[in-house]
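Secondary and tertiary structure notes
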Amino acid sequence: MFSRIPGQLRKSSREEVFMTREKYEPVRIQSRWQKKWEADGLYHAQEDDPHPKFYALTMLPYTSGDLHMGHWYAMAPSDARARYLRMKGYNVMFPPGFDAFGLPAENAAINHHIHPYKWTMDNVARMRGQLRTMGAMWDWPREAVTCDPAYYKWTQWFFLKFWEHGLAYRAMAPVDWCPHCKTVLAREQVLEGDRTCERCHTPVVKKDLEQWFFRITNYADELLDFSRIQWPDRVRTMQTNWIGRSEGVEFDLSIEGSPKKIRVFTTRPDTVFGMSFAVLAPEHPFVHEFTAPEHRAEVEDYEYKARRLAEIDRLSAEREREGVFIGAYALNPVNGERVPLYIADYVLMNYGTGAIMGVPAHDERDYDFARRQHLPIPTVIAPANWDGQPLPEAYTGQGTMVNSGKFSGLPSPQGWQAIADEMEHLGIGERKVNYRLHDWLISRQRYWGAPIPMVYCDHCGLVPVPEEQLPVLLPEDAEFLPTGDSPLKLHQGFLSTTCPRCGGPGRRETDTMDTFMCSSWYHMRYTSPGYDKGPIDPQRGRYWLPVDQYTGGIEHAVMHLLYTRFFTKACRDIGILDHDEPMLRLFNQGTILGEDGEKMSKSRGNVVNPDDLVNSLGADTTRAYLMFIGPWDAGGPWNTHGIEGVHRFLQRVWDVVTRPVRAIAGIPTDEQVASLRRITHKTIRRVTDDIEAFRFNTMIAALMEFNNYLIKAKETPVVLTDAWSEAVRALLLMLAPIAPHLGEELWERLGGPYSIHQQSWPEWDEAAAADELLTVVLQVNGRVRDRLSIPVGLGEEQVRELAMNSPKVQHFVADQSIVKIVYVPGKLLNVVAR
RNA sequence: GCCGAAGUGGCGGAACGGUAUACGCGGCGGUCUCAAAAACCGCUGGGGGUAGCCCUGUGUGGGUUCGAAUCCCACCUUCGGCACCA
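Cut-offs and rules
- Residues numbered from 1 in each chain as written.
- Chains lettered and ligands numbered in written order.
- Predicted model: local features only at pLDDT ≥ 70, side-chain atom pairs only at ≥ 80, totals over all residues.
- Heavy atoms only, no water.
- Helix = DSSP H or I, 4+ residues; strand = E, 2+ residues; numbered from the N terminus.
- Buried < 20%, exposed > 50% of the residue type's maximum accessible area, 1.4 Å probe, protein only.
- Contact = heavy atoms within 4.5 Å.
- Areas by Shrake-Rupley, 256 points an atom, 1.4 Å probe, with all protein chains shown as cover.
- Lys, Arg positive; Asp, Glu negative; His and termini not counted.
- Charge placed at Lys NZ, Arg CZ, Asp CG, Glu CD.
- Near = heavy atom within 4 Å.
- Polar contact = N/O pair within 3.5 Å; in protein donor to acceptor, adjacent residues only side chain to side chain.
- Nonpolar A, V, L, I, M, F, W, Y, C, P; charged D, E, K, R; others polar.
- Phe/Tyr/Trp six-rings, centres within 6.5 Å; stacked < 30°, edge-to-face > 60°.
- Domains from an automatic or database assignment.
- Salt bridge = Lys/Arg side-chain N within 4 Å of Asp/Glu carboxyl O.
- Pairing = 2+ DSSP bridges.
- Axes fitted to C-alpha atoms, helices over the stretch in contact; angles between N-to-C directions.
- Disulfide = S-S within 2.5 Å.
- Core = buried A, V, L, I, M, F, W, Y, C linked by side-chain atoms within 4.5 Å.
- Parallel < 35°, antiparallel > 145°, perpendicular 65-115°, else oblique.
- Left-handed = near helix turned anticlockwise from the far one by under 90°.

Section: the overall build of chain A
Of regular secondary structure, chain A possesses 27 helices and 33 strands. Reported as C-alpha extents along the three principal axes, the dimensions of chain A are approximately 115 × 90 × 60 Å. By the burial criterion, 53% of the 834 residues in chain A qualify as buried. Partitioning the contacts of chain A with sequence separation of at least 6, the portion at a separation of at least 24 is 73%. If you sum the accessible surface of chain A, you get close to 38200 Å²; carbon and sulfur atoms cover 51% of it. Positive and negative charge centroids in chain A, built from 93 and 108 side chains respectively, lie 5 Å apart.

Quick look at the structure:
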């Protein structure tokens, strides 16, 4: 009985402490502010704002079903920076949207009998809800969903404009067909190496089909010019390699006993005297005509093998270079020499002319081939100090021309030009630039995409659908059968139409457009929501475009990011836009991995669900942890304990602001105040530099250090000063872009005006941030021996004197003589003794 | 094979050519508690010493420099991209 009393007392005093210390309840706080922000339209950017505009954009997500951690990793830091720029005084637009066309929706229709529209829009609804929980400054009224007829109407409109301006065309071409997806793919969508479909990893097969193309190659040279944009070197290199520009000469080889000539392309006209054979691609159209009867069987056998290989796999560049002689001879135009003609699969039909001159001494592939076929390997470019002996391997560098008729003795770069001139002069060839880049294949044999607005008429041929008849709608009652044929092909109502030109019977194009078409211009549409006279309202478009800061993954380097640049340049030439590049600055974030360091995937069971975290630790902690985990461009593994550390940090910020100040006796010293102001202003400087440079991890580390200081300072009399309020306000303002809900909540509790997200970013005062005492490191022969605390501005002489008086310095110098003293003002002094 | 990026504590990662390991996690010790959890405080690269301290240490080996994680050369490893483009 008696002993229970102290216990009860203790219990009640603990309750008292509990009452005075309010808990940080992130889930409650976030839903409160998300509702208020949305109701207030806090993030809806207007064009009549006096501040300079800033268009911040993060790559739009595909409507796969759920917002996963990868989306958060891409979007949360991007949002934080958009918020920061807003506080810096920009009129920031940060719009959301969905890439909503594509095969998964159609596969769901075939497998689960859900209409692609329903499947997609259900996903959009779910993802919208999840996006809202991030607490990002999404400008919802600008949202675009690419499968919405109000959107794809304009995708079709762009197609018509490209058609009108000769940038869209239909052609028969050998294309890559995915037997699983039952559609053709763009070259970019075929994984090189194993030649599989990038989506389902089924080996693709070659088919000759009539397809729709965009003339992106018209812009090849302009796409190589990155001078107007600040994009990462990595992306620029990848695009440059993909475009693959090479300068050379195209010339004719006469064929013995035939009036026909074959054209070859070379980047090394300076080596033309070294040709000892010529090669045609196995698919070259002249092969049959030139093949001698006694070689026919062998040639056909080889063609068959080559075709099979081309379809299945052509794994390696190291494969033996094989080929067969076709029994014909070509004549070298510069010296009349007769050289045997081969077919070999190392020559590709879809690059250059599909035929080459074989110069084994100066090309590694030709060298291998010549060795196998026992062909001569004449040297025509002499390396420095060449001994006149046959080369042990192909020499591909520059040198002095030899055995090259009147060109012998010339340095090879000069010979290159001289021979090119000569061929042009004699009319047998001319300079030519070749590209690896091909025209963009945009047609797909699927339902779930924007229909290509063209009509086939027996009388008029190909006729574009008139603008006023757009959109060509996808029929809602299409049947989704696992036949492999596009549902549009089987839908009479869609298929049959009247010819817009003659009014006679017409048949609609059933191909739909590549989804990269939709994503090539979505950033334009965000500027003009609801505009119905065109894809972009000229005034609003001019105000917002181009995008100032784009962020997204590197995986789109040669697809989306190249297409959208092409799109912008084409629109400029058509007169729709007046700028050259869609996005001025680009930042590529890395990939967030599972705790095991592997890519997050359901099959690995290492998926971290953001929804669970939002409902437990809160959106702010999740956002902050993703930014704290490491450099944003590096990505990295998730760590369950790591996020708890970030949560503790936010909890301690909460405590610093909300806990009642304890009764503290005494008045603060000048030094206490100065030191608080110093760390405040130093932190503002650090944090500002970091967020400018996308260094969110060190930015948060700086805020943690600052908060740790404030926790201790709160126990001292400085807590009663203006410097303290300045510090706490700065802390919240700097935290607001990272943890927008916590920032807003605490800002309100401090009595700050709504909203913290409309306040100015704090500025630092260099004078307040300046140190009064500096630590000078004393080294002897480059090794740290002592430290000196000196007042700012102490002259070198005095520092030297203090240093030489240091017992430790003296000990390590001992009886050696001092050779020199290096002094880095205010930082370090190194005594060199020997 | 070619091109590019990167290798730092037990872990994620910090460090304008100038105090290596900030910040966080984990671990150890402590306070509080009947106890535990939470929270808070302290310690925490390795080796040596009772201690003041000393030695050593940023993938490996060299070099430049008063001084190198940082710059240069070679090599090893990892990750990306490209891979017959004439």
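Considering the protein's contact with RNA strand B
In the vicinity of RNA strand B there are 48 residues, among which Thr267, Tyr351, Arg365, Arg783 and Asn830 approach most closely. Separating a base nitrogen of RNA strand B from a side-chain N or O atom of Gln779 is a distance of 3.3 Å. In the environment of RNA strand B, a base oxygen lies 2.7 Å from a nitrogen or oxygen atom belonging to the side chain of Arg787. A breakdown of the residues in the surface near RNA strand B according to their chemical character gives 20 nonpolar, 10 polar and 18 charged.

Digging into the packing of aromatic side chains
A complete count under the given rule lists 46 aromatic pairs for this structure. Note on Phe158 and Phe567: the rings are 5.2 Å apart at their centroids and 65 degrees apart in plane angle, and the pair reads as edge-to-face. One end of the pair, Phe158, is in helix H6 (residues 149-164); the other, Phe567, is in helix H17 (residues 560-574), and 409 residues separate them in sequence. Just as Phe158 is buried, Phe567 falls in that class too. When the centroid spacing of 4.9 Å and the interplanar angle of 90 degrees are considered together, the rings of Tyr447 and Phe480 count as edge-to-face. Note that Tyr447 is positioned in the loop between strand E20 (443-444) and strand E21 (454-457) and Phe480 in the loop between strand E22 (461-464) and helix H13 (492-495), a separation of 33 residues in sequence. Residue Tyr447 shares its accessibility class with Phe480, and that shared class is buried.

Some remarks on the domain arrangement of chain A
If you check the domain split of chain A, you get domain 1 (1-41 + 639-770), domain 2 (154-222 + 439-513), domain 3 (246-434) and domain 4 (773-833). Distance from the C-alpha centre of domain 1 to the C-alpha centre of domain 2: 57 Å.

A closer look at the pattern of salt bridges
The final tally for this structure, using the stated rule, is 56 salt bridges. Linking Arg431 and Asp421 is a salt bridge whose minimum nitrogen-to-oxygen distance equals 3.0 Å. You can see Arg431 sitting in strand E18 (residues 429-434) and its partner Asp421 sitting in helix H12 (residues 412-426), a full 10 residues away along the chain. On the basis of relative accessible area, Asp421 is assigned to the partly exposed category, the value being 42%. Its salt-bridge partner being Arg444, residue Asp514 comes within 3.2 Å of it at the nearest N-O pair. Placement of Asp514 in the loop between strand E25 (512-513) and helix H14 (515-518) and of Arg444 in strand E20 is noted, with a sequence separation of 70 residues between them. Exposure remark for Asp514: the relative accessible area of 2% places this residue in the buried category. Three or more residues are tied together by salt bridges with common partners; here these are Glu222, Arg228, Arg565, Lys569, Arg572, Asp573, Asp580 and Glu581.

What about the side chain of Arg268?
You can see Arg268 is positioned in the loop between strand E11 (261-266) and strand E12 (277-280). Classification of Arg268 as buried rests on a relative accessible area of 19%. Within polar-contact distance, the side chain of Arg268 engages the backbone oxygen of Thr396 at 3.0 Å. Excluding anything up to four places from it in sequence, Arg268 contacts Met357, Ile381, Thr396, Gly397 and Trp416.

Some details on the sheet that holds strand E30 (residues 773-780)
What the 4 strands build is an open sheet, ordered E31-E30-E33-E32; its pairing is mixed. The sheet terminates laterally at strand E31 (783-791) and strand E32 (818-824), the two strands that pair on one side only. Neighbour-to-neighbour, the strand axes of the sheet open up by a mean angle of 20 degrees, direction not taken into account. Summarising the sheet, E30 and E31 pair through 8 bridges and their orientation is antiparallel. Looking at the pairing, Leu778 lines up with Asp786 of E31.

Some remarks on the sheet that holds strand E2 (residues 91-93)
The sheet built from 4 strands is open, its strands ordered E2-E1-E26-E27 with parallel pairing. What marks the edges here is a single partner per strand, and that holds for E2 and strand E27 (583-588). Neighbour-to-neighbour, the strand axes of the sheet open up by a mean angle of 20 degrees, direction not taken into account. Packed onto the sheet, helix H3 (residues 69-87) meets strand E1 (53-58), E2 and strand E26 (547-552) and runs at close to 175 degrees relative to E1.

Description of the environment of Met524
Along the chain, Met524 falls in helix H15 (residues 522-525). Considered as a pair, Met524 and Asp771 are 247 residues apart in the sequence and their alpha carbons are 49 Å apart. In this structure, Met524 is in contact with Phe158, Ile536, Leu545, Phe567, Thr568, Cys571 and Leu577, ignoring residues within four places of it in sequence.

Notes on the state of the cysteines
Applying the stated criterion across every chain, the model contains 0 disulfides. In this model Cys457 remains outside any disulfide bridge; the closest cysteine sulfur is found in Cys502, 3.6 Å from its own. Its sulfur unpaired, Cys571 is 14 Å from the next cysteine sulfur, which belongs to Cys518.

Regarding the nonpolar core
Grouped together as the largest cluster of nonpolar side chains are 172 residues, with contacts concentrated most on Phe159, Phe162 and Trp638. Both domains that meet at this core, namely domain 1 (1-41 + 639-770) and domain 2 (154-222 + 439-513), each give it at least three residues.

A few points about the pairing of strand E10 (residues 246-255)
The element E10 is extensively covered by neighbouring structure, given that 7 of its 10 residues are classed as buried. Two strands pair when backbone bridges link them, and E10 and E18 are joined in this way by 6 bridges, in the antiparallel orientation. In the strand pairing of E18, Gly248 is matched with Lys432. Alignment of E10 against strand E13 (residues 323-331), held across 2 bridges, turns out to be antiparallel. Bridging from a neighbouring strand, Ile255 pairs with Ala330 of E13.

As for helix H24 (residues 740-749)
Among the 10 residues that make up H24, 8 are buried, leaving the element largely enclosed by the rest of the structure. Taken residue by residue, H24 has Pro740, His741, Leu742, Gly743, Glu744, Glu745, Leu746 and Trp747 as its buried positions. Considering only its buried residues, H24 is in contact with helix H2 (26-40), H3, helix H19 (619-628), helix H20 (640-658) and helix H23 (722-735). Just downstream of H24 lies Gly751, where phi reads positive at about 90 degrees.

Focus on the packing of helix H22 (residues 696-713) against H23
Look at H22 against H23: their axes get within 11 Å of each other, and the N-to-C directions meet at 150 degrees. Comparing their axes, H23 and H22 come out roughly antiparallel. The hand of the H22/H23 crossing is left-handed. Here Met699, Leu703, Phe706, Asn707, Leu710 and Ala713 of H22 come into contact with H23, specifically with Trp724, Ala727, Leu731, Met734 and Leu735. Partitioned by chemical class, the residues of the contact of H22 with H23 number 10 nonpolar, 1 polar and no charged.

Let's talk about unusual backbone geometry
Note that the residue after Leu470, namely Pro471, is joined by a cis bond; omega there is 0 degrees. Inspection of the secondary structure assignment puts Pro471 in the loop between E22 and H13. Cis geometry is adopted by the peptide bond preceding Pro546, which originates at Leu545 and carries an omega value of -5 degrees. Positive phi values are uncommon outside glycine, yet Asn403 reaches one of about 50 degrees. Topologically, Asn403 is positioned in the loop between strand E17 (400-401) and H12.

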